[in-house]
Amino acid sequence: MADDVNDPTRIEGAPHPRETPELIGQDSAQAAFLDAFNSGRLHHAWLITGPRGVGKATLAWRIARFLLTTPDLDPDDMFGAPAPTSLDVAEDHPIARRIVAGAEPGLKSVHRTVNEKTKKLRDQIVVDDVRDMAAFFQLSATDGGRRVVIIDAADEMNVNAANALLKMLEEPPARTTLLLICHQPSRLLPTIRSRCRTLRLGALNGDQMAQAMAQAGVDPGAQAAALAELSAGSVGEALRLALLDGLKIYNEIIALLDTMPNLDRPRALALAEAASARGAETRLDLLYTLIDIALARLARTGAGHPPTIEAAPNEAATFARLAAHPAQARAWADTAQTTLERARHGRAVNLDAGALVLDTLFKLSATASPR
């Protein structure tokens, strides 16, 4: 198995996308790629877009396995192999096994790497990460086979890395396919987007979400509807919520909102202490993500669009009380923007996590006070 310790494309506790055998809920995108392959119109670069966690990386790895194991079609050969009808590849295929082990010479994965000076994971893909692709092209060109590069995620490239990639797209190496996973296409250079064919993936519905989570080894049980609601159809986000007790944290946020404007201070202090415990950085990230979600749902309630599914006990009644009319909706929307930005700044300068959480809760309680 390849070393995933410093791989930012992996959700801790869930299988890596290269290990996921089936892509659920994205049949149209798979069919579009397969049609291009079977018709002999295989583009050299594909931009795989859509919300986070809906299967973009899984599709990229499926395409990579397919391309590296499937021979070219010969339209003049009447007795040749039939056109493939799916991207499925047997798990025991030698190339599929090498891909899972991270040992396939025809495949390269590009993602954010560790800064050797700071020993921390970079927040961008840098130019050296992209330039390594040139060495990969040279080293793997002798066998005459296909080569595939997966960039996850392309919108995380800095300017120099993006410019280096653009040069490769302008003069693509022979028999090479580049798969660019992208969460926010607007962050890419227009010249990069224009040189790629786009495959757009959509959010999963409830049944598809349950299937995808089961495939990842997580049984949502009675929480399936709440997970689908809070994750907005992203199985990646649903897995994060399930594996980090996200619903329990969200329930606590709603319970605290229900006490406002008379904030339950002991309960707020307990939440702040949990967020500031050693090793709680990941949970702190999740806490602020869930606060953001709760405030967005609260503001939409005041604007006349309450959630159709409750993600926590008493959520609907709490939102209806705190955001009974559009003016309150605007107040919550403003609070969300200013308070969460204040928290992000505090975290950037390493302020005490517990104090930041308490500050956020006090600001929310002030918004809930009658005016």
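Predicted model, so just to flag it, every value in this text is computed and none were measured.

K.L.:
Quick question: what am I supposed to make of the overall build of the chain here?
P.N.:
Along its length, the chain carries 15 helices and five strands. Oriented by its inertia axes, the alpha-carbon framework of the chain measures out at about 75 × 45 × 35 Å. For the chain, buried positions account for 46% of its 371 residues. For the chain, the share of sequence-separated contacts (at least 6 apart) that also reach a separation of at least 24 residues comes to 75%. Accessible surface, the chain as shown: approximately 18,700 Å² in total, 51% of it carbon and sulfur.

K.L.:
I tried to follow the side chain of Thr-367 on my own but got confused; where do I start?
P.N.:
Relative to the elements of secondary structure, Thr-367 occurs in helix H15 (residues 353-368). Beyond its immediate stretch of four places on either side in the chain, Thr-367 contacts Ala-331, Trp-332 and Thr-335.

K.L.:
How do you make sense of the pairing of strand S4 (residues 176-182) when you look at a structure like this?
P.N.:
The two faces of a sheet get side chains in turn, since along a regular strand they alternate between them. Among the seven residues that make up S4, seven are buried, leaving the element largely enclosed by the rest of the structure. Alternating positions in S4 separate into two faces, Thr-176, Leu-178, Leu-180 and Cys-182 on one and Thr-177, Leu-179 and Ile-181 on the other, with burial throughout. Alignment of strand S1 (residues 45-49) against S4, held across five bridges, turns out to be parallel. Paired with Thr-49 across the two strands is Cys-182, which belongs to S4. In the sheet, strand S3 (residues 147-152) pairs with S4 via six bridges, with the strands oriented parallel. Each bridged residue has a counterpart across the sheet, and for Arg-147 the counterpart in S4 is Thr-176. In this view, the connection linking S3 to its parallel neighbour S4 by way of helix H5 (residues 159-170) has right-handed handedness.

K.L.:
Would you take a moment to explain the pattern of salt bridges for this structure?
P.N.:
Two side chains of opposite charge can pair, provided their charged atoms sit close to one another. A complete count under the given rule lists 18 salt bridges for this structure. With a closest N to O distance of 3.0 Å, Arg-297 and Glu-315 form a salt bridge. With a gap of 18 residues between them, Arg-297 in helix H12 (residues 281-302) and Glu-315 in helix H13 (residues 315-322) connect regions that are remote in the sequence. As far as the burial class goes, Arg-297 and Glu-315 line up, both buried. In this structure, Asp-359 engages Arg-342 in a salt bridge whose closest nitrogen and oxygen atoms are separated by 2.7 Å.

K.L.:
What's the story with the pairing of S1 in this structure? I'm lost.
P.N.:
In terms of residue burial, S1 counts as a mostly covered element, since five of its five residues are buried. Because side chains alternate across S1, one face comprises the buried residues Ala-45, Leu-47 and Thr-49, and the other comprises Trp-46 and Ile-48, equally buried. Where S1 meets strand S5 (residues 197-200), four bridges bridge the pair, whose relative direction is parallel. Counted as the bridge partner of Trp-46 is Arg-197 from S5.

K.L.:
Just checking my understanding: could you explain the packing of helix H10 (residues 246-259) against H13 for this structure?
P.N.:
Each pair of packed helices gets described by two things: the angle between the helix axes and the distance between those axes. Following both chains from N to C, one finds H10 and H13 inclined at 40°, their axes separated by 10 Å at the closest point. Here H10 is positioned oblique relative to H13, judged by the angle of their axes. Relative to H13, H10 is oriented so that their crossing is left-handed. Touching Tyr-250, Ile-254, Leu-257, Asp-258 and Thr-259 of H10 are Glu-315, Thr-318, Phe-319, Arg-321 and Leu-322, all from H13. When the residues that make up the contact of H10 with H13 are grouped by side-chain class, the tally is five nonpolar, two polar and three charged.

K.L.:
Honestly, the confidence of the model for the chain in this entry has me stumped. Any pointers?
P.N.:
Close inspection of predicted coordinates is inappropriate in any region flagged by low pLDDT. Chain-level statistics for the chain give a pLDDT mean of 89 and a share of 93% at 70 or above. Confidence scores differ between elements of the chain, with helix H7 (residues 206-215) showing the lowest mean pLDDT of 86 and S1 the highest of 98.

K.L.:
I tried to follow the packing of helix H9 (residues 235-243) against H12 on my own but got confused; where do I start?
P.N.:
H12 packs onto H9 with a crossing angle of 120° between their chain directions and a minimal axis gap of 11 Å. As the angle between them shows, H9 and H12 are arranged oblique. Two packed elements cross with a definite hand, and for H9 against H12 that hand is left-handed. For the pair H9 and H12, contact is made by Glu-237, Arg-240 and Leu-241 and by Leu-286, Thr-289 and Leu-290, respectively. Class assignment of the residues belonging to the contact of H9 with H12 gives a composition of three nonpolar, one polar and two charged.

K.L.:
Please clarify how the environment of Lys-363 should be interpreted in this entry.
P.N.:
In this structure, Lys-363 sits in helix H15. C-alpha of Lys-363 to C-alpha of Thr-338: the two residues are 25 residues apart in sequence and 9.6 Å apart in space. What Lys-363 contacts, discounting residues up to four positions off in sequence, is Thr-335, Thr-339 and Arg-342.

K.L.:
What is the right way to look at the packing of aromatic side chains in this model?
P.N.:
By convention here, two paired aromatic rings are described through the distance between centres and the angle between planes. Evaluated as defined, the whole model comprises three aromatic pairs. Taken together, a centroid distance of 5.7 Å and an interplanar angle of 50° make the contact between Phe-136 and Phe-137 tilted. Overall, the relative accessible area of 10% leaves Phe-136 in the buried class. What makes Phe-137 buried here is its relative accessible area of 9%. Looking at Arg-18, its charged tip hangs above the ring of Trp-61, at a distance of 6.0 Å from the centre.

Thresholds applied
- Residues numbered from 1 in each chain as written.
- Predicted model: local features only at pLDDT ≥ 70, side-chain atom pairs only at ≥ 80, totals over all residues.
- Heavy atoms only, no water.
- Helix = DSSP H or I, 4+ residues; strand = E, 2+ residues; numbered from the N terminus.
- Buried < 20%, exposed > 50% of the residue type's maximum accessible area, 1.4 Å probe, protein only.
- Contact = heavy atoms within 4.5 Å.
- Areas by Shrake-Rupley, 256 points an atom, 1.4 Å probe, with all protein chains shown as cover.
- Pairing = 2+ DSSP bridges.
- Right-handed = clockwise from strand over helix to strand, strands pointing away.
- Salt bridge = Lys/Arg side-chain N within 4 Å of Asp/Glu carboxyl O.
- Axes fitted to C-alpha atoms, helices over the stretch in contact; angles between N-to-C directions.
- Parallel < 35°, antiparallel > 145°, perpendicular 65-115°, else oblique.
- Left-handed = near helix turned anticlockwise from the far one by under 90°.
- Nonpolar A, V, L, I, M, F, W, Y, C, P; charged D, E, K, R; others polar.
- pLDDT = per-residue confidence, 0-100.
- Phe/Tyr/Trp six-rings, centres within 6.5 Å; stacked < 30°, edge-to-face > 60°.
- Lys NZ or Arg CZ within 6 Å of the ring centre and 35° of its normal.

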